[in-house]
Amino acid sequence: MTTLNRPDFRGSAVPPPDVRVLDGVPPGAEEAVARLYWTAFARKFRPGLGDAEHGVPVLREALAADRLSCAIGPDGTVLGVLGHYRAGRGAIDLRYQTLLRHFSPWSAPWRALLLLPLHREARPGELLLDGIAVDPAARGRGLGTRLLAHAVELARQDGLRWVRLGVVDTNPRARALYERCGFVAERTQEVSPLGALYGFRSVTEMTLELSEQGEGT
Ligand SMILES: CC(C)(COP(=O)(O)OP(=O)(O)OC[C@H]1O[C@@H](n2cnc3c(N)ncnc32)[C@H](O)[C@@H]1OP(=O)(O)O)[C@@H](O)C(=O)NCCC(=O)NCCS
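These remarks concern the structure in this document. Note that this is a predicted model, so its numbers are computed, not measured.

### Considerations on the site of the ligand
- Lining the immediate surroundings of the ligand are 22 residues, of which Val-134, Gly-140, Gly-142, Thr-145 and Asn-171 lie closest.
- One of the side-chain N or O atoms of Arg-180 is found 2.8 Å from an oxygen atom in the ligand.
- Relative to its unbound accessible surface of 850 Å², the ligand loses 81% to contact with the protein.
- Put simply, the parts of the chain that give the shell around the ligand at least two residues each are helix H2 (30–49), strand S4 (126–134), helix H6 (143–157), strand S5 (162–168) and helix H7 (172–180).
- Among the elements that line the shell around the ligand, the one with the most residues is H7, at 6 residues.

### Quick word on the packing of H2 against helix H5 (residues 108–115)
- Packing of H2 against H5 brings their axes to within 7 Å, and their N-to-C directions diverge by 155°. Between H2 and H5, the crossing angle belongs to the class labelled roughly antiparallel. Contacts between H2 and H5 involve Phe-45, Pro-47, Gly-48 and Leu-49 from the first element and Trp-110, Arg-111, Leu-114 and Leu-115 from the second.
- For the contact of H2 with H5, the class distribution of residues is 6 nonpolar, 1 polar and 1 charged.

### Some details on the pairing of S5
- Across the 7 residues that make up S5, a large majority, 5, are buried.
- Alignment of S4 against S5, held across 3 bridges, turns out to be parallel. Across the sheet, Leu-127 pairs through a bridge with Val-163, a residue of S5.
- Taking the sense of rotation as the criterion, the β-α-β connection linking S4, H6 and S5 turns out right-handed.

### Concerning unusual backbone geometry
- In this structure, Ala-87 takes a positive phi of about 50° despite not being glycine.
- Within the secondary structure, Ala-87 is located in the loop between strand S3 (78–84) and helix H4 (96–102).
- Taking the relative accessible area as the measure of exposure, Ala-87 reaches 81% and is therefore exposed.

### Here we look at the packing of H2 against helix H3 (residues 52–62)
- It is the contact of H2 with H3, at a shortest axis distance of 8 Å, that shows an interaxial angle of 120°. With respect to their mutual orientation, H2 and H3 come out oblique. Relative to H3, H2 is oriented so that their crossing is right-handed. Of H3, the residues touching H2 (which contributes Glu-30, Glu-31, Ala-34, Arg-35, Tyr-37, Trp-38, Phe-45 and Leu-49) are Ala-52, His-54, Gly-55, Val-56, Val-58, Leu-59 and Arg-60.

### Considerations on the pattern of salt bridges
- In the structure shown here, the tally under the stated rule is 15 salt bridges.
- In this structure, Glu-209 engages Arg-161 in a salt bridge whose closest nitrogen and oxygen atoms are separated by 2.4 Å. Taken together, the positions of Glu-209 in strand S7 (residues 202–209) and Arg-161 in the loop between H6 and S5 put the pair 48 residues apart, joining distant regions of the chain.
- Given the relative accessible area of 46%, Arg-161 is considered partly exposed.
- A salt bridge links Arg-164 to Glu-205, with the shortest nitrogen-to-oxygen separation between them at 2.5 Å.

Conventions and cut-offs
- Residues numbered from 1 in each chain as written.
- Predicted model: local features only at pLDDT ≥ 70, side-chain atom pairs only at ≥ 80, totals over all residues.
- Heavy atoms only, no water.
- Near = heavy atom within 4 Å.
- Polar contact = N/O pair within 3.5 Å; in protein donor to acceptor, adjacent residues only side chain to side chain.
- Areas by Shrake-Rupley, 256 points an atom, 1.4 Å probe, with all protein chains shown as cover.
- Helix = DSSP H or I, 4+ residues; strand = E, 2+ residues; numbered from the N terminus.
- Axes fitted to C-alpha atoms, helices over the stretch in contact; angles between N-to-C directions.
- Parallel < 35°, antiparallel > 145°, perpendicular 65-115°, else oblique.
- Contact = heavy atoms within 4.5 Å.
- Nonpolar A, V, L, I, M, F, W, Y, C, P; charged D, E, K, R; others polar.
- Buried < 20%, exposed > 50% of the residue type's maximum accessible area, 1.4 Å probe, protein only.
- Pairing = 2+ DSSP bridges.
- Right-handed = clockwise from strand over helix to strand, strands pointing away.
- Left-handed = near helix turned anticlockwise from the far one by under 90°.
- Salt bridge = Lys/Arg side-chain N within 4 Å of Asp/Glu carboxyl O.

So, in structure tokens, the structure goes:
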């Protein structure tokens with residue numbers, strides 16, 4: 001469970017104390033995790049994966065449990081997910097073979113091309129996040145803040161110095177959350193002309209530098 005002695009991470013909302021953050025995906029929760037990702041990031045996945053009926057099963061198969069953490073409610077429901085990159089692969093580890101299993105051999109190549117721009121690479125010394133999503137019904141109660149605190153904990157466990165994430169221009173509320181947690185905008189990259197396809201124009205890289213004392217920056 002994550003606790004951080006940082007005012008920023010306490011945030012304005014206090015998550016219920018009986019919500020736990022666990023690494024991995026609990027057995028049987030794969031569908032729920034895939035749906036959370038889909039609900040949060042459908043705009044990005046749709047060009048390559050189509051609608052939810054086709055996209056959710058692909059995400060489900062692509063889940064990499066060793067790069068995922070889940071916020072679990074008292075009844076065992078997955079209320080939020082946090083993904084990160086490890087060894088060059090993301091929490092949604094979309095492989096060409098997976099696309100071939102779900103789509104025709106004619107559409108798989110262009111689908112792979114459309115998904116390619118979503119891939120990112122971690123730099124040395126940093127934990128690069130691959131999505132944070134909270135069930136719409138559970139938002140605004142501090143779960144996102146708690147998942148970010150967990151990301152800091154993961155980075156510390158791995159001896160890393162930074163946590164990095166990307167936030168799109170159409171998501172100012174998420175950006176406000178990251179700023180409140182101490183993330184600093186590094187640079188903004190325009191993604192046009194592909195941006196229109198994915199529903200955003202630019203991505204801002206935000207970084208949190210961890211101090212050696214175990215507190216924030
Ligand atoms: C961004 C997200 C993970 C935040 O989770 P959360 O549990 O609502 O976060 P918290 O309760 O800890 O903090 C809420 C803060 O997040 C921000 N926020 C972003 N989206 C929000 C939403 N839909 N509802 C409530 N708060 C939201 C607000 O700035 C809010 O701050 P405030 O309480 O001072 O108004 C969640 O809204 C979500 O899953 N959004 C869809 C997916 C997404 O955009 N992920 C981020 C991609 S970069």
